[in-house]
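Observations on chain architecture
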Amino acid sequence: MLKAAVGSNDGDRRCGLIAIVGRPNVGKSTLLNTLIGQKVSITSRKAQTTRHRITGISTQADTQYVFVDTPGFQTTHTTRGTAALNRNLNKTVQSVLGDVDVVLFVVDAGRFGPADAKVLSLIPPGKPTFLIANKLDLITRRSDLLPWLQQMQAKHAFTEFVPLTATKKDDTQRLLDIIRPYLPEQPWYYDADALTDRSDKFLAAELIREKLFRLTGDELPYTSTVQIDKYEEVEGGRLNRIAATIIVERDAHKGMVIGEGGERLKRISTEARTELERLTGCKVFLEVWVKVRSGWADDEKRLKSYGYE
């Protein structure tokens, strides 16, 4: 588990669950990573990069913020044969919303479409909900946001409106300060130095999948995933030996991932290994294979075997 160095905390403590929700590609995972100050959720331009409930933890002074990053709610099936996967992702979004203290509803600043409206309709009435207008840096005239904001307030009684750019630390610190009063006074859920509740094995699979998506772009279809076959800590924890399999739908997809002379697969492995070493502080020996498993994204049993909740 990733951890951070923090000081001791005295006095009354606050702690709460904060859901980050929105349609695909509005910057939810980027926002989470900046809030935590460490990558705990992978990012890419491909829709539905986040496929799991990812918990990120930030502890500051007397307050512990427990963020839950969710998949972008899937309103259409982007690829044939992904019905089970899409149902799984949407179920994750819906299950999170009932449990949290605060909801961060993330949209592109100045935009609101049918996919955004679908996510907004899922938020339980009366739940403190912040309208997070992301990508503020792309808005040339801030005055243009006022009529849009008035339209948004007519759609939902938002508790707070927070315009920001998810990559800017100052913006996310301002967001933390705004969230704090809405969290209940209660003991912390996690140790003060915790950054996520996910295991290093899970993060390894996610990082490989991130490099897979980033280095294949739109070539590789939505239906690909990563399974960790072996994760061993050796030499007193100074070295991690990892064996992983990239699962694709068709032989043609396997060729896309491997690339000419195996160069693309080598690059995926190298970039994933380098980032894993940076995140864990350990040397990593990583082996990655590619296998074809047709129909996995519409097979409930296979989804569970690949770690989908």
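Up top is the structure these notes are about.
1. Details of the nonpolar core
V21, L97, F105, L131 and W148 are the most contacted members of the largest nonpolar core, which totals 27 residues. For this core, the secondary structure elements donating two or more residues are strand 1 (14-21), strand 3 (63-69), helix 2 (83-97), strand 4 (102-108), helix 3 (114-122), strand 5 (129-134) and helix 4 (145-155). Grouped together as the second largest cluster of nonpolar side chains are 26 residues, I18, L35, I36 and L104 included.

2. Let's talk about the environment of D101
Tracing the backbone shows D101 in the loop between helix 2 and strand 4. For the pair formed by D101 and T129, sequence separation is 28 residues and the distance between their alpha carbons is 9.1 Å. Of the polar contacts made by the side chain of D101, one reaches the backbone nitrogen of L17; its length is 2.8 Å.

3. With respect to the sheet that holds strand 4
Reading across the sheet, the six strands line up as 2-3-1-4-5-6 and stay open at both edges, with mixed pairing between neighbours. In this open sheet, the two strands that pair with only one neighbour each are strand 2 (54-60) and strand 6 (160-163). Sheet twist, expressed as the mean angle between neighbouring strand axes with direction ignored, is 25°. Strand direction decides the pairing type here: strand 5 and strand 6, joined by four bridges, are parallel.

4. Digging into the packing of helix 1 (residues 28-36) against helix 5 (residues 169-179)
Two elements in contact, helix 1 and helix 5, have axes whose closest approach is 9 Å; the angle formed by their N-to-C orientations is 80°. In terms of orientation, helix 1 and helix 5 fall into the roughly perpendicular class. Seen from helix 1, the contacting residues are L31, T34 and L35; seen from helix 5, they are K169, T172, L175 and L176. Grouping the constituent residues of the contact of helix 1 with helix 5 by class yields four nonpolar, two polar and one charged.

5. What about the sheet that holds strand 9 (residues 283-292)?
Taken in spatial order, the three strands make up an open sheet running 7-8-9, and their pairing is mixed. Strand pairing shows two members of the sheet lacking a second neighbour, strand 7 (224-234) and strand 9, which therefore form its edges. Recorded for the sheet is a direction-independent mean angle of 15° between the axes of neighbouring strands. Across 10 bridges, strand 8 (residues 239-248) lies against strand 9 in parallel orientation. Pairing of A243 across the sheet is with E287, part of strand 9. The strands touched by helix 6 (residues 200-216) are strand 7, strand 8 and strand 9; relative to strand 7, the strand with the most contacts, the crossing angle is about 135°. Against the sheet, helix 8 (residues 263-280) engages strand 8 and strand 9, with an angle of about 140° to strand 9.

About the criteria used
- Residues numbered from 1 in each chain as written.
- Predicted model: local features only at pLDDT ≥ 70, side-chain atom pairs only at ≥ 80, totals over all residues.
- Heavy atoms only, no water.
- Core = buried A, V, L, I, M, F, W, Y, C linked by side-chain atoms within 4.5 Å.
- Buried < 20%, exposed > 50% of the residue type's maximum accessible area, 1.4 Å probe, protein only.
- Helix = DSSP H or I, 4+ residues; strand = E, 2+ residues; numbered from the N terminus.
- Polar contact = N/O pair within 3.5 Å; in protein donor to acceptor, adjacent residues only side chain to side chain.
- Pairing = 2+ DSSP bridges.
- Axes fitted to C-alpha atoms, helices over the stretch in contact; angles between N-to-C directions.
- Parallel < 35°, antiparallel > 145°, perpendicular 65-115°, else oblique.
- Contact = heavy atoms within 4.5 Å.
- Nonpolar A, V, L, I, M, F, W, Y, C, P; charged D, E, K, R; others polar.

Honestly, it's all geometry; don't read function into it.
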